[in-house]
Amino acid sequence: MRSSITFGPGGEVGVRRAVARDARRLTRLVTSSRAYEGPYAPMVAGYKVGPDYIEAHEVHVAVDGDGRVLGFYSLILSPPELDLMFVADDVQGRGVGRLLVSHLREEARKAGLAFVRVVAHPPAEGFYRSMGAERTGTVEARPPAVMWDRPELVLPTDHPEHP
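Cut-offs applied
- Residues numbered from 1 in each chain as written.
- Predicted model: local features only at pLDDT ≥ 70, side-chain atom pairs only at ≥ 80, totals over all residues.
- Heavy atoms only, no water.
- Buried < 20%, exposed > 50% of the residue type's maximum accessible area, 1.4 Å probe, protein only.
- Helix = DSSP H or I, 4+ residues; strand = E, 2+ residues; numbered from the N terminus.
- Arc of directions from axis to C-beta.
- Contact = heavy atoms within 4.5 Å.
- Salt bridge = Lys/Arg side-chain N within 4 Å of Asp/Glu carboxyl O.
- Pairing = 2+ DSSP bridges.
- Core = buried A, V, L, I, M, F, W, Y, C linked by side-chain atoms within 4.5 Å.
- Phe/Tyr/Trp six-rings, centres within 6.5 Å; stacked < 30°, edge-to-face > 60°.

Caption draft 1: Broad picture of helix H1 (residues 23-31). Listing the buried residues of H1 in full gives Ala23, Leu26, Thr27, Leu29 and Val30. Down the axis of H1, the buried set is contained in an arc of 160°. They therefore lie on one face. Against the buried residues of H1 lie helix H2 (41-44), helix H3 (51-56), strand E3 (58-63), strand E4 (69-77) and strand E5 (80-87).

Here's what the structure looks like:
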């Protein structure tokens, strides 16, 4: 498992367990994500990642050497599912998402999980598939909370890392 990557002025990027004081930054990543503009905007409008959520779930953050939070994921262990994953818009395509998925796989393996279910934001399906996830179906829209169908995938925990 890659435990860090290096890029930009912040230097090395590593992953650590989120703490309650990260809540505002994680909320900002969710609500400011360009992936949720236009028709997807209502899904994250008013969304909050609170300190209680962070304490109750397996939430991990990618941070650079300056302490900037670049992304995060939340893993539910039972049943195994990726609940949230966001990467800051300005660092997408630079390995942060891959680092987070690698870390997620390792945490899931440690918990004895063979796979993690992913119900993806439709534009993110290609990313998860590039990480080795396989599509298993479609989760139908649930208005008014979710207005569109979403791809359902399974991410094996023993899949080799991709470059």
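Caption draft 2: Region of interest: the pattern of salt bridges. Taken as a whole and judged by the stated rule, the model has ten salt bridges. For Asp22, the salt bridge goes to Arg16, with nearest N and O atoms at 2.8 Å. Asp22 sits in the buried class, given a relative accessible area of 0%. Taking relative accessible area as the criterion, Arg16 reaches 27% and is therefore assigned partly exposed. The salt bridge partner of Glu107 is Lys110, with a shortest N-O separation of 3.3 Å. Here Glu107 and its partner Lys110 are both found in helix H4 (residues 96-110), three residues apart, which amounts to about one turn of the helix. Judged by relative accessible area, which is 60%, Lys110 ranks as exposed. Via salt bridges that share partners, Arg16, Asp22 and Arg25 belong to a single interconnected network.

Caption draft 3: The environment of Tyr128, seen in detail. Among the structural elements, Tyr128 can be located in helix H5 (residues 125-130). The spatial distance from the C-alpha of Tyr128 to the C-alpha of Val118 is 8.3 Å, given a sequence separation of ten residues. Once residues within four sequence positions are removed from consideration, Tyr128 is found in contact with Leu82, Met85, Val118, Ala120 and Ala133.

Caption draft 4: A look at unusual backbone geometry. The residue after Ser78, namely Pro79, is reached through a cis peptide bond having omega -10°. Along the polypeptide, Pro79 turns up in the loop between E4 and E5. In this chain, Pro143 is followed by Pro144 through a cis amide linkage whose omega measures 5°. Mapped onto the fold, Pro144 is located in the loop between strand E7 (134-139) and strand E8 (150-156).

Caption draft 5: Here's a closer look at the environment of Val44. When you line up the elements, Val44 lands in helix H2. Separated by 101 residues in sequence, Val44 and Ala145 have C-alpha atoms that sit 9.6 Å apart. Discounting chain neighbours no more than four positions away, the residues touching Val44 are Val30, Thr31 and Tyr36.

Caption draft 6: A look at the pairing of E4. With respect to burial, E4 is a largely interior element, seven of its nine residues being buried. Bridge analysis of E3 against E4 gives six bridges, and the strand direction is antiparallel. Looking at the pairing, His60 lines up with Tyr73 of E4. Taken together, E3 and the strand that follows it, E4, pair antiparallel across an intervening segment of five residues, in which Gly67 is found at a positive phi of about 90°. Here seven bridges tie E4 to E5, and the two strands are oriented antiparallel to one another.

Caption draft 7: Molecular detail of the nonpolar core. By size, the foremost hydrophobic cluster in this structure holds 47 residues, and its most contacted members are Leu26, Val49, Phe72, Leu82, Val96 and Leu100. It is H4 that contributes the most residues to this core, six residues altogether.

Caption draft 8: Quick peek at the packing of aromatic side chains. A full pass over the atoms with the stated rule returns five aromatic pairs. Their ring planes at 40° and their centres at 5.7 Å tell us that Tyr36 and Phe86 sit as a pair that is tilted. Highlighted residues: Tyr36 in the loop between H1 and H2 and Phe86 in strand E5, separated in sequence by 50 residues. Classification of Phe86 by relative accessible area gives buried; the value is 7%. With a centroid separation of 4.5 Å and an interplanar angle of 80°, the aromatic rings of Tyr40 and Trp148 are classed as edge-to-face. One end of the pair, Tyr40, is in the loop between H1 and H2; the other, Trp148, is in the loop between E7 and E8, with 108 residues separating them in the sequence. Note on Trp148: relative accessible area 13%, which makes it buried. Linked through ring pairs, Tyr36, Tyr40, Phe72, Phe86 and Trp148 together constitute an aromatic cluster.

Spatial relationships are all this shows, so hold off on functional conclusions.
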